[in-house]
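# Structure at a glance
Letter by letter, the chains look like this.
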Amino acid sequence: MIGLKRGTVKLVTHQDEWLEEAERTIEELKRLLNGTAADLQHVGSTAIPSIHAKPIIDLVVGVYDLNEIMSHVELLGRNGFVFRGEDVPGQILFVKGDFEKELRTHHIHVVKWNGEEWNRYINFRDYLNAFPEKAMRYDRCKQNLAVQFPDDRRQYTEGKRRLIERLLEEAGRWRAGR
């Protein structure tokens, strides 16, 4: 299962198809971006097999300069990747899905390659994959919030914020010590 109605929260157990879809989408984006991306990675909870996730594929696209992506907005749009702009400072978002049904299947986060946001995405994924007990802690938090806020993605996301920040700090120290 891939896709979730916009604004809702539903967590499901890990699906093998998520990895396959991420790989397929990465290859498609590489072709469309034609060398603009320094690297593309599958991130987010669908990239952490031991935990539950919203069935939306998160990818991070690292570019040397965020302005480089702007020349690809039209081409990406023609291929189903809808430009949403700078959703947070230093990050450009594209989404994919069935927009008539308000269904989101992919979030594509474009950030400066090897910059702070890039490293946060990669470190978080790698840390939770390396430390199952940390992943389980995050999973329990997410499941509790999903029960509380099934129709309020903002509250769900805000509820995870402090734990994510703590795990990101740990992940940064872990990465620096390797």
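Please refer to the structure placed before this passage.
Keep in mind it's a predicted model, so treat the numbers as computed, not measured.

Of the regular secondary structure elements, the protein chain holds five helices and six strands. Helices and strands appear in the protein chain in the N-to-C order β-α-β-β-α-β-β-β-α-α-α. For the protein chain, the spread of C-alpha atoms along the three principal axes comes to 45 × 40 × 30 Å. Taking all contacts inside the protein chain whose residues are at least 6 apart in sequence as the whole, residues at least 24 apart take part in 63%. A total of about 9,500 Å² of accessible surface is found on the protein chain, and carbon and sulfur atoms cover 48% of it. In the protein chain, which carries 28 positive and 28 negative side-chain charges, the distance between the mean positions of the two groups comes to 4 Å.

Before going further, it helps to examine the pairing of strand β6 (residues 103-112). Most of β6 is tucked away, with eight of its 10 residues classed as buried. Alignment of strand β1 (residues 4-5) against β6, held across two bridges, turns out to be antiparallel. Within β6, the residue paired with Lys5 across the bridge is Leu103. Note that strand β3 (residues 57-63) and β6 share seven bridges and pair parallel. Of the residues in β6, the one forming a bridge with Val61 is Val110. Between the end of strand β5 (residues 91-98) and the start of β6, which pair antiparallel, lie four residues, with Glu102 showing a positive phi angle near 55 degrees.

Where a protein is soluble and globular, its nonpolar side chains tend to be buried together. Leu29, Val61, Leu76, Phe94 and Val110 are the most contacted members of the largest nonpolar core, which totals 23 residues. Sorting elements by how many residues they give to this core places helix α1 (residues 16-33) first, with six residues. Apart from the residues lying within four places of it in its own chain, the contact partners of Leu29 are Leu40, Leu59, Val61, Leu76, Phe81 and Ile108. Counting 19 residues, the second largest nonpolar core, distinct from the first, contains Leu11, Ile51, Ile164 and Leu168.

This part takes up a negative patch on the surface. Together, Asp16, Glu17, Glu20 and Glu23 make up a region of like negative charge exposed at the surface. Here Glu20 shows up in helix α1. Under the relative-accessibility criterion, Glu20 is labelled exposed at 54%.

What follows covers a positive patch on the surface. On the surface, a cluster of positive charge is made up of Arg137, Arg140, Arg162 and Arg166. Those elements that place two or more of their residues in the positive patch are α4 (132-148) and α5 (153-176). With respect to the helices and strands, the residue Arg166 is situated in helix α5. The exposure class assigned to Arg166 is partly exposed, which follows from its relative accessible area of 37%.

About the cut-offs
- Residues numbered from 1 in each chain as written.
- Predicted model: local features only at pLDDT ≥ 70, side-chain atom pairs only at ≥ 80, totals over all residues.
- Heavy atoms only, no water.
- Helix = DSSP H or I, 4+ residues; strand = E, 2+ residues; numbered from the N terminus.
- Contact = heavy atoms within 4.5 Å.
- Areas by Shrake-Rupley, 256 points an atom, 1.4 Å probe, with all protein chains shown as cover.
- Lys, Arg positive; Asp, Glu negative; His and termini not counted.
- Charge placed at Lys NZ, Arg CZ, Asp CG, Glu CD.
- Buried < 20%, exposed > 50% of the residue type's maximum accessible area, 1.4 Å probe, protein only.
- Pairing = 2+ DSSP bridges.
- Core = buried A, V, L, I, M, F, W, Y, C linked by side-chain atoms within 4.5 Å.
- Patch = residues over 30% accessible without salt bridge, like charges linked within 9 Å, V, L, I, M, F, W, Y side chains within 5 Å.
- Salt bridge = Lys/Arg side-chain N within 4 Å of Asp/Glu carboxyl O.

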